[in-house]
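What the coordinates show
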Amino acid sequence: MVRRSRIDRPLQWGIIALPFSIGLAARAASTSLIAVTLVIFIFVHSGEWPDFIIWGFAMIYVVTKGPGEWSIDHYIRRWLLP
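In short, a report on the structure. (Residues numbered from 1 in each chain as written. Predicted model: local features only at pLDDT ≥ 70, side-chain atom pairs only at ≥ 80, totals over all residues. Heavy atoms only, no water.)

1. Describing the layout of surface pockets
Each pocket or cavity is described by its volume, and for the second largest pocket that value is around 160 Å³. Lining the second largest pocket are I34, T37, L38, F41, W49, F52, I53, G56, F57, M59 and I60. Elements supplying a minimum of two residues to the lining of the second largest pocket: α2 (26-43) and α3 (49-65). Top element by residues in the lining of the second largest pocket is α3. It accounts for 7 residues. A class-by-class count of the residues in the lining of the second largest pocket yields 9 nonpolar, 2 polar and no charged. (1 Å grid on protein atoms, 1.4 Å probe; cavity = no way out; pocket = protein on both sides within 12 Å on 5 of 7 lines; lining within 4 Å. Points joined across faces, edges and corners; volume = space filled by probe spheres on them. Helix = DSSP H or I, 4+ residues; strand = E, 2+ residues; numbered from the N terminus. Nonpolar A, V, L, I, M, F, W, Y, C, P; charged D, E, K, R; others polar.)

So, in structure tokens, the structure goes:
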């Protein structure tokens, strides 16, 4: 079993959460965060379902509607498709 240092864990979460928070590839990042949230909910914290429902619906909204006008995706789309 490989032991990971405390430095590696935030780095791994940052790879998914950073693009989601700034709106860069937000739909893909949100989809992966939904998968991670489901795994954590099913195998680790199954009693804390209200928190997971709130997070899940927020991420499902981003997947279906997009990240919004203040995201990097929006500016890239406006620049590429005038």
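2. Things to note about the packing of α2 against α3
In the contact formed by α2 and α3, the axes pass within 9 Å of each other and the chain directions differ by 160 degrees. Accordingly, the angle class assigned to the pair α2 and α3 is roughly antiparallel. Pair α2 / α3 crosses with left-handed handedness. For the pair α2 and α3, the contacting residues are A26, R27, S30, T31, L33, I34, T37, I40 and F41 in the first and W49, F52, M59, I60, V62, V63, T64 and K65 in the second. Classifying every residue of the contact of α2 with α3 by side-chain character gives 11 nonpolar, 4 polar and 2 charged. (Axes fitted to C-alpha atoms, helices over the stretch in contact; angles between N-to-C directions. Parallel < 35°, antiparallel > 145°, perpendicular 65-115°, else oblique. Left-handed = near helix turned anticlockwise from the far one by under 90°. Contact = heavy atoms within 4.5 Å.)

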